[in-house]
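These are the residues of each chain, in order.
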2 protein chains.
Amino acid sequence: MAAHAHTHATGSGWKQHVLASFAHEGFRAGGARAVVVELLAEQDCCLSAQEIFDRLRAGGRKVGIASVYRVLDQLAQMQLVQRVDVGGGVSRFEAAHPGGDHHHHLVCDDCGRVVAFEDERLEAELDRVGKSLGARVAAHDLVLHGACADCSQK
Amino acid sequence: MAAHAHTHATGSGWKQHVLASFAHEGFRAGGARAVVVELLAEQDCCLSAQEIFDRLRAGGRKVGIASVYRVLDQLAQMQLVQRVDVGGGVSRFEAAHPGGDHHHHLVCDDCGRVVAFEDERLEAELDRVGKSLGARVAAHDLVLHGACADCSQK
DNA sequence: CCCTCGATGATAACGGCTCTCACCAGGGCT
DNA sequence: AGCCCTGGTGAGAGCCGTTATCATCGAGGG
């Protein structure tokens with residue numbers, strides 16, 4: 001049981017930002033869109049499309065899996081969510097907060113858990129490397145693989 | 001016929017190392033194993049399982065796709081190859097040179113090209129972060145997304 | 001209030017990966 | 001050298017995440 005009782009305030013700000021962006025781009029206000037955004041705003045770590053679908057269904061919402069993927073794709077293209085590719089052929093998604101509050105993931109190959117972390121100096125290095133390549137880096141995706149703190153003690 | 005006439009010396013060393021490791025672990029010398037290892041040793045950037053399969057077939061070798069995945073899985077578990085998850089639901093693989101000569105990838109979301117790069121300071125930061133998490137980090141997988149140097153100039 | 005067109009959701013299709021299983025061959029033994 | 005046991009191999013079926021298709025729904029302007 002992880003204790004994760006934080007970051008919901010920032011999530012709300014993100015939600016407003018996303019809805020405003022949709023309106024600005026001339027999208028209509030669809031139900032699936034709103035509900036996916038709402039769910040994502042409440043999370044503090046990445047979810048897979050299937051997990052999003054399941055939770056919405058569990059909440060009584062009759063969304064289609066296609067809509068979930070469609071919305072996630074739109075959000076990713078608008079750079080409002082980040083695709084996190086954690087291996088195993090499954091993409092995960094999480095809210096991308098414009099300018100900061102950005103984290104990465106450690107995947108425990110032993111117990112399968114995903115642990116989020118952030119590190120300022122690491123971000124600085126990533127920025128530097130991106131620039132030195134002459135590329136316009138829109139996003140970066142870092143995944144550490146190994147045994148998490150718990151599993152490595154066994 | 002691609003003209004890739006470099007890094008074969010290091011690749012050859014890796015190949016010997018892998019074959020020795022297999023022998024040491026008591027594996028038999030199967031045909032598929034040898035031929036996958038040989039192909040990987042010749043590469044200087046990551047290949048997908050399908051690409052490996054196609055090239056071996058094109059070379060007249062009647063390997064099964066299952067064998068390719070099997071061998072890659074064994075190699076990954078022995079930490080002799082690194083899985084590179086570049087998105088799009090496809091895993092790529094490349095020789096992991098023990099202790100160094102390690103690189104990462106920039107994926108151009110525009111033209112789809114994969115550019116490899118390496119950076120010592122970045123590696124140092126990654127090591128530091130891994131340690132600070134208390135985890136035993138076996139591998140890390142970093143992918144930059146954006147527009148490559150060519151595409152970002154357009 | 002109606003009409004148009006984007007949004008939605010069920011379902012089929014697709015593709016990468018894994019599983020299964022019969023056959024093959026390495027290599028220790030005689 | 002020949003045999004046998006066992007691990008290795010390859011073809012194909014199956015699984016599952018993702019994408020494409022299409023009929024229906026409903027937002028919102030006229």
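What counts and what doesn't
- The written sequence of each chain sets the order in which its residues are numbered from 1.
- Naming scheme: in the order in which they are written, chains are lettered from A and ligands are numbered from 1.
- Given that this is a predicted model, residues contribute local features only at a pLDDT of at least 70 and side-chain atom pairs are listed and counted only at 80 or more, while totals for whole chains, interfaces and linings are drawn from all residues.
- The side-chain quantities take in all heavy atoms of the structure and omit both hydrogens and water.
- Strands qualify as paired when DSSP identifies two bridges or more between them.
- Numbering of helices and strands runs from the N terminus; a helix is a DSSP stretch of H or I covering at least four residues, while a strand is a stretch of E covering at least two.
- Comment: axis = line fitted to C-alpha atoms, over the contacting stretch for helices; angle = value between 0 and 180 degrees taken between N-to-C directions.
- By definition, residues are in contact when any of their heavy atoms lie within 4.5 Å.
- When at least one non-hydrogen atom of a residue lies within 4 Å of a molecule or strand, that residue is treated as near it.
- Within 3.5 Å is the distance limit for a polar contact, defined as a pair of N or O atoms, with the added protein rule that one can donate a hydrogen and the other accept it, and that residues adjacent in sequence qualify only through two side-chain atoms.
- Each residue is assigned to one of three groups, with Ala, Val, Leu, Ile, Met, Phe, Trp, Tyr, Cys and Pro labelled nonpolar, Asp, Glu, Lys and Arg labelled charged, and all others, Gly among them, labelled polar.
- The term salt bridge refers to a side-chain nitrogen of Lys or Arg lying within 4 Å of a carboxyl oxygen of Asp or Glu.
- Between buried and exposed lies partly exposed: a residue is buried under 20% and exposed over 50% of the maximum accessible area for its type, with that area taken using a 1.4 Å probe on protein chains only.
- The copies were overlaid by least squares, fitting only the C-alpha atoms of residues that reach a pLDDT of 70 or more in each copy.
- We define the nonpolar core as a collection of buried residues of types Ala, Val, Leu, Ile, Met, Phe, Trp, Tyr and Cys that are connected through side-chain atoms lying within 4.5 Å of one another.
- For the domains described, the bounds stem from an automatic or database domain assignment.
- Here the quantity called buried area is the total loss of accessible area, with a 1.4 Å probe, experienced by two parts when brought into contact, counted for both.

Caption draft 1: Focus on the sheet that holds strand β4 (residues 104-108) of chain A. Reading across the sheet, the 6 strands line up as β5(A)-β4(A)-β6(A)-β6(B)-β4(B)-β5(B) and stay open at both edges, with mixed pairing between neighbours. In the strand order of this sheet, the two ends are held by β5 (114-117) of chain A together with β5 (114-117) of chain B, each with one partner. Shown here is a sheet whose adjacent strand axes are inclined to one another by a mean of 25°, direction ignored. In this sheet, strand β6 (residues 136-147) of chain B lies alongside strand β4 (residues 104-108) of chain B in parallel orientation, the contact comprising 4 bridges. Residue pairing across strands places Cys108 of chain B opposite Gly146 of chain B, the latter belonging to β6 of chain B. Contacts from helix α5 (residues 120-132) of chain A reach β4, β5 and β6 (136-147) of chain A together with β5 and β6 of chain B within the one sheet, and its direction differs from that of β6 of chain A by about 130°. Here helix α5 (residues 120-132) of chain B sits on the sheet and contacts β5 and β6 of chain A together with β4, β5 and β6 of chain B; the angle it forms with β6 of chain B, its principal contact strand, is near 130°.

Caption draft 2: Local environment of the sheet that holds strand β3 (residues 91-95) of chain B. All names here are of chain B. Reading across from one edge, β1-β3-β2 is the order of the 3 strands in this open sheet, with antiparallel pairing throughout. The two strands at the open ends of the sheet, each matched to only one other strand, are β1 (47-48) and β2 (81-85). Two strands pair when backbone bridges link them, and β1 and β3 are joined in this way by 2 bridges, in the antiparallel orientation. Opposite Ser48, over in β3, you have Arg92 as the bridge partner.

Caption draft 3: Inspection of the protein's contact with DNA strand C at higher detail. Near DNA strand C lie 21 residues; those nearest to it are Arg33 and Arg57 of chain A together with Arg28, Tyr69 and Ser91 of chain B. Sugar and phosphate atoms constitute 65% of the interface atoms of DNA strand C, taking the interface as everything within 4 Å of the protein. In this structure, Gly64 of chain A approaches DNA strand C through a main-chain N or O atom, which is 3.4 Å from a phosphate oxygen. Residue assignment for the surface near DNA strand C shows that the elements contributing at least two residues are α2 (31-42) and α4 (65-77) of chain A together with α4 (65-77) of chain B. For the surface near DNA strand C, the class distribution of residues is 8 nonpolar, 6 polar and 7 charged.

Caption draft 4: Here's a closer look at the pattern of salt bridges. Residue and element names in this part refer to chain A. Tallying each qualifying case throughout the model produces 14 salt bridges over all chains. For Asp150, the salt bridge is made with Arg113, and the minimal N-O distance between the two is 3.0 Å. Taken together, the residues span a long stretch of sequence, with Asp150 in helix α6 (residues 149-153) and Arg113 in the loop between β4 and β5 at a distance of 37 residues. Residue classification places Asp150 among the partly exposed residues on the basis of a relative accessible area of 45%.

Caption draft 5: Quick look at the relation of the copies chain B and chain A. Screw-axis analysis of chain B against chain A gives a translation of 0.1 Å along the axis, an RMSD of 0.2 Å, and a rotation angle of 180°. Within this description, the copies of the chain are treated as partners about a two-fold rotation axis. Looking at chain B, 100% of its interface residues are interface residues in chain A too, so the copies touch through the same face.

Caption draft 6: Spatial organisation of the pairing of β4 of chain B. Residue and element names in this part refer to chain B. Taking burial as the measure, the 5 residues of β4 include 5 buried ones, the bulk of the element. Covered by surrounding structure in β4 are His104, Leu106 and Cys108 together with His105 and Val107, the residues of both alternating faces. In terms of strand pairing, β4 meets β5 through 4 bridges, oriented antiparallel. Across the sheet, His104 pairs through a bridge with Phe117, a residue of β5. Between β4 and β5, which follow one another and run antiparallel, lie 5 residues, and Gly112 among them has a positive phi close to 85°.

Caption draft 7: Broad picture of the nonpolar core. Core analysis: the biggest nonpolar cluster contains 24 residues, and Phe117, Leu122 and Leu142 of chain A together with Phe117, Leu122 and Leu142 of chain B have the highest contact counts within it. Breaking this core down by element, the ones donating at least two residues are β4, α5 and β6 of chain A together with β4, α5 and β6 of chain B. Not counting residues within four places of it along the chain, the set of residues in contact with Leu122 of chain A comprises His104, Phe117 and Leu142 of chain A together with Leu122, Glu125, Leu126, Arg128 and Val129 of chain B.

Caption draft 8: Here's a closer look at the side chain of His104 of chain B. Residue position: His104 of chain B is located in strand β4. Within polar-contact distance, the side chain of His104 of chain B engages the side chain of Glu123 of chain B at 2.8 Å.

Caption draft 9: Here's a closer look at the domain arrangement of chain A. Residues and elements named next belong to chain A. Under the domain assignment, chain A is made up of domain 1 (1-96) and domain 2 (102-154). Between domain 1 and domain 2, the C-alpha centre-to-centre distance is 21 Å. The interface of domain 1 with domain 2 comprises 10 residues on the first partner and 12 residues on the second. Each partner contributes to the roughly 770 Å² buried at the junction of domain 1 and domain 2, and carbon and sulfur atoms together form 53% of this total. A per-residue breakdown of the area domain 1 buries against domain 2 is headed by Cys45, Gln82 and Val86, which together make up 50% of the total. If you look at where domain 1 meets domain 2, you find 3 residue pairs in polar contact (both at pLDDT 80 or more).

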